[in-house]
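Letter by letter, the chains look like this.
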Amino acid sequence: MGAPEPHGGLDRDTIVAVATAPGQAGVGIVRVSGPDARAIGQRIGGLPLPARQALYRRFRDGSGEVIDSGVLLYFAAPRSFTGEDVVEFQGHGGPVVLAMLTEEVLRSGARLARPGEFTERAFQNGKLDLAQAEAVADLIAGASEAAVRGANRSLSGAFSERVHEIDARVVDLRVFIEAAIDFPDEEIDLLADGQVAERLSWIREALVRLRADCAQGVKLRDGIRLAIVGAPNVGKSSLLNRLLGEARAIVTDIPGTTRDLIHADLDLDGLPVEIVDTAGLRVSADAVEAEGVRRALLQAEQADIVLLVSALDTNERSVGHPSDEPVPEGIDPDRVIFVLNKLDLTADPESVRAEVRTEDRVAISATTGEGLDELRSRIRERAGFVPGGNLFTARQRHLLALDRARSATDQALALAADSLPGELIAEELRAVHAALGEIVGEMSSDALLGEIFSRFCIGK
Ligand SMILES: Nc1nc2c(ncn2[C@@H]2O[C@H](COP(=O)(O)OP(=O)(O)OP(=O)(O)O)[C@@H](O)[C@H]2O)c(=O)[nH]1
Ligand SMILES: [Mg+2]
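In this text the structure is predicted, and so the values were computed from the model without any measurement.

## Description of unusual backbone geometry
A cis amide bond links Leu 47 to the next residue, Pro 48, at an omega of -15°. With respect to the element layout, Pro 48 can be found in the loop between α1 (37–45) and β3 (55–60). Backbone torsion omega between Ala 77 and Pro 78 reads 0°, so that peptide bond is classified as cis. A positive phi angle is found at Arg 52, which is not glycine, with a value near 60°.

Structure follows, in structure tokens:
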């Protein structure tokens, strides 16, 4: 006591947070990490405190009064999530009792953890690399089963391994080139025999493949936004309900039924889709409906994909080319899938479907479910999402880093093709290495780390 911690600094603090979600639950966990964790565990939960054993204990405050009772767990450094001494109080999941327990840990010398600080420490102590740390957040936030599985793959290192595999080749090649530079007499020969270009091509191809998988991973993590728009009464809300498999939105035969936005989440073969049903588009003197239409158009402008719905009328109006259905102003036509609904109203659905079938048009019946599978696969295609496989979650920043790595590799290839000096190629390879290092956190700035971890919740 009294003597300053040998390493000093904020990161040697002992931190505490409630690790479970707020609200009432069967069990609630208070997690403590840092050099004093063990002493705090003993002070509140009693002696002795052997590592990695579930101990049933009373948790007492400073005056000896019982706050709660439950399971006390101690993980000795470095064999813990954070790599530090960690203690977990697994008590009853009530917000007040957990707050009292946390308060007692704070009184014992810990401080409240910042958002993501447990995971940040795991990263700093080499338990996880940065891409894996991000996967922890993505696993918790996973919006579909496939997204959770993908986050697990990233967490177990599937993505990082591929980054490391490429990076190892980059470093090898750099060593080779730099060695050649050290022997100027031989440099030209060493660099001219095509080996450098060949090895650069391998790196480039691997980067291209990884980027493609990574782009899938970003979709898996972020999902897409889908807006259903169209004239009143064409069956937009019926389509929403059909896609969700539940009667989420009110459906009536009165045009103008939906007036406000209806948001719902859909798991489309693993692709998380945030879907919004909107008010039917028409000019209306009704202020409420007009506002609904304004919001509908705004959603359509912001969506990744717009389902522009029209309907066969009972007179079996013949179906023409997609351009028959004017795309409302402000909506990017490339994002539109034209949906012709109420296919069940025609006596000859085959000919309608034959007429309709183009890349961006689908005929369906929200009532019978006909054409829905095709619509789902169109949405997936348009989103560029290929379900299944060994997908891992990834983020936009990973894509940007891979793009930088790719363009530096291209530069290096161009230099090699022109037989330019090895130093210049080595410099580009350094840039490739730096970009790859940013993904796994080996070359990341404090600002980037701060930004990533601050988006976690407290307790993670
Ligand atoms: N026959 C047939 N009727 C449908 C189909 N889809 C919807 N309808 C009917 O069309 C009417 C309008 O459906 P809604 O889903 O409320 O239409 P909407 O586009 O949401 O309408 P607004 O909210 O007013 O813009 C209802 O009577 C539905 O039962 C379909 O595929 N076939
Ligand atoms: Mg509606």
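Let us keep going from here.
## Describing the sheet that holds strand β8 (residues 262–268)
The strand order β8-β9-β7-β10-β11-β12 describes an open sheet built from 6 strands, whose pairing is mixed. Looking at which strands have only one partner, the edges of the open sheet turn out to be β8 and β12 (361–363). Each strand of the sheet is rotated relative to its neighbour by a mean of 25°, with strand direction disregarded. Of the strand pairs in this sheet, β8 and strand β9 (residues 271–277) are connected by 7 bridges, and their pairing is antiparallel. Residue pairing in the sheet places Ala 264 in a bridge with Ile 275 of β9.

## Some thoughts on the sheet that holds β3
With respect to topology, 6 strands assemble into an open sheet ordered β3-β4-β5-β2-β1-β6, the strand pairing being mixed. Strands at the two margins of the open sheet, each flanked by one partner only, are β3 and β6 (111–112). In terms of strand pairing, β3 meets strand β4 (residues 66–75) through 6 bridges, oriented antiparallel. In the strand pairing of β4, Tyr 56 is matched with Val 71.

## Some thoughts on the domain arrangement of the protein
When the parts come together, some accessible area is lost, and that loss is often what is quoted as the size of the interface. Considered domain by domain, the protein is made up of domain 1 (10–113), domain 2 (136–219 + 395–454) and domain 3 (226–383). For domain 1 versus domain 3, the distance between C-alpha centres works out to 52 Å.

## Details of the nonpolar core
Counting 72 residues, the largest nonpolar core has Val 16, Val 30, Val 32, Val 87, Val 105, Ala 405 and Leu 436 as the members making the most contacts within it. Three or more residues apiece are contributed to this core by two domains, here domain 1 (10–113) and domain 2 (136–219 + 395–454). When residues no more than four places from it in sequence are discounted, the contact partners of Ala 405 are Leu 207, Val 432, Ala 435 and Leu 436. Listed in part, the 41 residues of the second largest apolar core include Leu 226, Leu 240, Leu 271 and Leu 343.

## Observations regarding the packing of helix α8 (residues 195–222) against helix α13 (residues 396–417)
A packed helix pair is summarised by two numbers, namely the angle formed by the two axes and the spacing between the axes. Orientation of α8 relative to α13, taken along the N-to-C sense of each, is 160°, at an axis distance of 9 Å. Between α8 and α13, the angle falls in the class roughly antiparallel. Along this stretch, α8 crosses α13, giving a crossing that reads as left-handed. Together, Val 196, Ala 197, Leu 200, Ile 203, Arg 204, Leu 207, Val 208, Leu 210, Arg 211, Cys 214, Ala 215 and Val 218 of α8 and Gln 396, His 398, Leu 399, Leu 402, Ala 405, Arg 406, Thr 409, Asp 410, Ala 412, Leu 413, Ala 416 and Ala 417 of α13 make up the contact between the two elements. When grouped by side-chain class, the residues that make up the contact of α8 with α13 number 17 nonpolar, 3 polar and 4 charged.

## Digging into the site of ligand 1
Around ligand 1, a shell composed of 23 residues is seen, among which Gly 235, Ser 237, Ser 238, Thr 258 and Gly 280 lie nearest. Per-element accounting of the shell around ligand 1 gives the leading share, 3 residues, to helix α9 (residues 236–244). For the shell around ligand 1, the residue count by class is 7 nonpolar, 12 polar and 4 charged.

## Observations regarding α8
For α8, with 28 residues, the first-to-last C-alpha span of 40 Å sits near the 40 Å given by 1.5 Å per residue. Within α8 the residues assigned to the buried category are Val 196, Leu 200, Ile 203, Leu 207, Leu 210, Cys 214, Gln 216, Gly 217, Lys 219, Leu 220 and Arg 221.

## Focus on the packing of helix α4 (residues 130–141) against helix α5 (residues 145–155)
Two numbers describe how α4 lies on α5: the axes approach to 8 Å, and their chain directions differ by 160°. Here α4 is positioned roughly antiparallel relative to α5, judged by the angle of their axes. For α4 against α5, the interelement crossing comes out left-handed. For the pair formed by α4 and α5, the contact residues are Ala 131, Gln 132, Ala 135, Val 136, Asp 138 and Leu 139 on the first element and Val 148, Ala 151, Asn 152, Ser 154 and Leu 155 on the second.

## Some points on helix α2 (residues 95–107)
Between its first and last C-alpha, α2 extends 18 Å over 13 residues, near the 18 Å set by a 1.5 Å rise per residue. Lining the buried residues of α2 we find β1 (15–18), β2 (25–33), α1, β3, β4 and β5 (86–93). Looking one or two residues beyond α2, the residue adopting positive phi is Gly 109, at roughly 115°.

## A word on the pairing of β5
Taken across its 8 residues, β5 has 6 buried, putting it largely inside the fold. As paired strands, β2 and β5 are joined by 8 bridges and run antiparallel to one another. The residue of β5 that forms the bridge with Val 32 is Val 87. For β4 and β5, the ladder comprises 5 bridges, and the chain directions are antiparallel. The residue of β5 that forms the bridge with Val 71 is Gln 90.

## Side note on the environment of Gly 91
Tracing the backbone shows Gly 91 in strand β5. For Gly 91, a count of 23 C-beta atoms within 10 Å puts it in the buried group. On a C-alpha basis, the gap between Gly 91 and Gly 26 in space is 8.5 Å, while along the polypeptide they are 65 residues apart. Aside from chain neighbours lying at most four places away, what touches Gly 91 is Gly 28, Phe 59, Asp 68, Gly 70, Val 97, Leu 98 and Leu 101.

## Points about the confidence of the model for the protein
For the protein, per-residue confidence averages 90 on the pLDDT scale, and 93% of positions sit at 70 or higher. Contacts for the low-pLDDT stretch residues 1–10, under 50 throughout, to residues beyond four places or in other chains number 3 contacts. A low-confidence stretch, residues 316–323 (pLDDT under 50), is modelled with 10 contacts involving residues beyond four sequence positions or located in other chains.

## Points about the pairing of β1
Because side chains alternate across β1, one face comprises the buried residues Ile 15 and Ala 17, and the other comprises Val 16 and Val 18, equally buried. The pairing of β1 with β2 spans 4 bridges and is antiparallel. Bridge pairing links Ala 17 to Arg 31 in β2. In sequence, β1 turns back onto β2 through a hairpin of 6 residues, with Gly 23 there showing a positive phi of about 110°. Here β1 pairs with β6 via 2 bridges, running parallel. Note that in β6 the partner of Val 16 across the bridge is Leu 112.

Reading the values: the criteria
- Residues numbered from 1 in each chain as written.
- Chains lettered and ligands numbered in written order.
- Predicted model: local features only at pLDDT ≥ 70, side-chain atom pairs only at ≥ 80, totals over all residues.
- Helix = DSSP H or I, 4+ residues; strand = E, 2+ residues; numbered from the N terminus.
- Pairing = 2+ DSSP bridges.
- Axes fitted to C-alpha atoms, helices over the stretch in contact; angles between N-to-C directions.
- Domains from an automatic or database assignment.
- Core = buried A, V, L, I, M, F, W, Y, C linked by C-beta atoms within 7 Å.
- Buried ≥ 20, exposed ≤ 12 C-beta atoms within 10 Å, placed from the backbone.
- Contact = placed C-beta atoms within 7 Å.
- Parallel < 35°, antiparallel > 145°, perpendicular 65-115°, else oblique.
- Left-handed = near helix turned anticlockwise from the far one by under 90°.
- Nonpolar A, V, L, I, M, F, W, Y, C, P; charged D, E, K, R; others polar.
- Near = placed C-beta within 6 Å.
- Expected span 1.5 Å × (residues − 1).
- pLDDT = per-residue confidence, 0-100.

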